[in-house]
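A structural walkthrough
The residues making up each chain are set out below.
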Amino acid sequence: MKARTIIALLVAGILIGALAAYFILGPKPAANAAKAIDTASGPFDAVTGRLDRGGSLYLFWDTAGLVRFCEQALDGIRTVVENQAAGDLDAQKKSLEWFQLVRRMVGETGLYRVRALGASSRPLDDQFHRTRLVLYRAPEATTDLIWNLYAPQPHALAELDLLPAETAMAQFGDFRPRVIWDWIHAQAEKSGVEEFQKGVSMLAPSLKMQGIDPDAILDGFSGSAGLVVTLDRERTIQLPLGEEPAEIPAPNLALVLGVKNYTLYELAAKGIPAGAKAQDSEPVRFLSLPAPPSTVFPSPTLACDGRNLVLASSRELAETLLEGKGGLKETPGFHTLSRDLPLKGNGFRFISPRAGEVIRSIQTAALKNPRMTEKDRATLKTFLDLFPRDFSMFGVMTHDADGFCYTLNHSLALHQLLVLPAVMAAGIGAAVALPNMMKSMNLARRTQTLGLMRSLSAQAAIHVTEHGSAPETIESAKDGWGNMILYRRGPGAADFALASAGADGRFEGWDQRGLYSANEAGAPNRDIIMVNGELVYGPVK
């Protein structure tokens, strides 16, 4: 592993570990501790002035000690880097250059300017709670990254006016990619690390060689970006959760970017046949994207009106968003969630109560699956009960000279809100692992079924050898999915056949012939048939 990689990992590790170490070991006494106490009222008043009293959480944390602790730890890492290459001056010089680069970049993200954190949470009524998170920074002007990614002051949340009443989830925020681009180039310029400078300086020429003008693209963004998920009230999709598929409102998804012109749209349109897109003179331009038919993505579309660029799963959603008629702000659910919240900010997040309703319907259908054993049903119910069933929220994030403040109205109690990220991470992990787990389970059940059918066929063959005819019946046995193995004698006296109806338990008849891939969709539900001990219809790897 290269020295610069080791250095980057060390620095990242110490910043992550410093927080835990700070709480365990405590900060070393600082020479100017008295001075820190004298000025503590500044951050304290600025943070607590935004918090709500009288709830289950009220927190103020002065982070000055943590910042000093991190700096001391980084000084220790520098000593380690110097000693690592003490015998090779050139290697030592390069290692220190990379260390200084990583240290400077971490510092100039703006993390060290955080002076205090605050949090509060209190109930609004029997159903809703309000939680506030405050991040206070040193008030001086700065070019640090995180303080310039967002507009310097709260502004009207114009994207709310785009969202239709069917919106289930939405998240928008300030988006200023030019800030990131310029910050990286500024870091390279003052780094003194030749390899880093060379790599960064080649970014723009490399893009231009491919016909991409980075300046035109970066200057084309107007400063916002977001994601939208809607639930269609008319169109539905079916989820195969049992013998009776669950029917839920069809989801539609869209990525929305604020733009100043049609530059990004025209760049994407270059690779699409001319007949699929609107004329350049049209104020709202639509571009049908080539994609296979799908119930979730019925008509993928790229659209632009010169102010917003929309990549949507359906043309209908793209048209609705660009029409700008909105509808969400007029719904009772939004009125309830947004009460006493500012409609000016630098970003917002919304989850509709309807999203919880759909989740509950999916859970109910999954638990009713008749093919599920009681043990599996109890396990699934335990897992599903971890997820909140009536979760809705609306939060607004504001940025100003004092830092960030995030105010959130939500239907969860504080303890549920705190564990929600962990539960959601577990849910995502389970969703990722479930297909492989189901595949492995079906493989094991299929192997068990084939082995049992071969054993029963061998017993029937012995009967044919000894008696000259196939047995009238065979011993009762169940396949790997718990269904009875089927048996038929004939057409000749010595002929016999066995069958498994697969995972769904529905046998389609004895005349089926041919082999199919064990990995194809629906293979576990397909039948397996053996005639006189030979597999005539069944899976192959």
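Everything below is about the structure printed above this text.
Given the structure is predicted, the values throughout are model-derived calculations rather than measurements.

The grouping of Leu-227, Leu-255 and Leu-311 at the surface amounts to a nonpolar patch, some 250 Å² of accessible area in total. Along the chain, Leu-227 falls in strand E6 (residues 221-239).

This part is about the packing of aromatic side chains. In the structure shown here, the tally under the stated rule is 11 aromatic pairs. A ring pair is formed by Phe-172 and Phe-348, whose centres lie 5.5 Å apart and whose planes are at 25°; its orientation type is stacked. With Phe-172 in strand E5 (residues 167-174) and Phe-348 in strand E12 (residues 347-351), the pair connects residues that are 176 residues apart, well separated along the chain. Each member of the pair Phe-172 and Phe-348 is classed as buried.

Moving on: the pairing of strand E2 (residues 114-123). Side-chain direction in a regular strand flips from residue to residue, so the side chains alternate between the two faces of the sheet. Pairing of strand E1 (residues 57-62) with E2, which is carried by six bridges, proceeds in the antiparallel orientation. For Asp-62, the partnering residue across the bridge sits in E2 and is Ala-116. Both E2 and strand E3 (residues 129-137) contribute to a ladder of nine bridges, which runs antiparallel. Note that in E3 the partner of Pro-123 across the bridge is His-129. Linking E2 back to E3 in an antiparallel pair, the connection comprises five residues.

Right, let's talk about the packing of helix H6 (residues 177-189) against helix H7 (residues 194-201) for a bit. Direction vectors running N to C along H6 and H7 enclose 145°, while the axes themselves pass 8 Å from each other. Between H6 and H7 lies a crossing whose hand is left-handed. Between H6 and H7, the contacting residues are Ile-184, His-185, Gln-187, Ala-188 and Glu-189 on the first element and Phe-196, Gln-197 and Val-200 on the second. A per-class count over the contact of H6 with H7 returns four nonpolar, three polar and one charged.

Our focus in this paragraph is helix H11 (residues 315-323). Residues of H11 that are buried include every one of Leu-317, Ala-318, Leu-321 and Leu-322, and no others. The arc enclosing the buried residues of H11, seen along the axis, measures out at 125°, which places them on a common side. Once H11 finishes, Gly-324 follows within two positions and takes phi at roughly 70°, a positive value.

Calculation notes
- Residues numbered from 1 in each chain as written.
- Predicted model: local features only at pLDDT ≥ 70, side-chain atom pairs only at ≥ 80, totals over all residues.
- Heavy atoms only, no water.
- Patch = residues over 30% accessible without salt bridge, like charges linked within 9 Å, V, L, I, M, F, W, Y side chains within 5 Å.
- Areas by Shrake-Rupley, 256 points an atom, 1.4 Å probe, with all protein chains shown as cover.
- Salt bridge = Lys/Arg side-chain N within 4 Å of Asp/Glu carboxyl O.
- Helix = DSSP H or I, 4+ residues; strand = E, 2+ residues; numbered from the N terminus.
- Phe/Tyr/Trp six-rings, centres within 6.5 Å; stacked < 30°, edge-to-face > 60°.
- Buried < 20%, exposed > 50% of the residue type's maximum accessible area, 1.4 Å probe, protein only.
- Pairing = 2+ DSSP bridges.
- Axes fitted to C-alpha atoms, helices over the stretch in contact; angles between N-to-C directions.
- Left-handed = near helix turned anticlockwise from the far one by under 90°.
- Contact = heavy atoms within 4.5 Å.
- Nonpolar A, V, L, I, M, F, W, Y, C, P; charged D, E, K, R; others polar.
- Arc of directions from axis to C-beta.

Worth remembering: the numbers are spatial, not functional.
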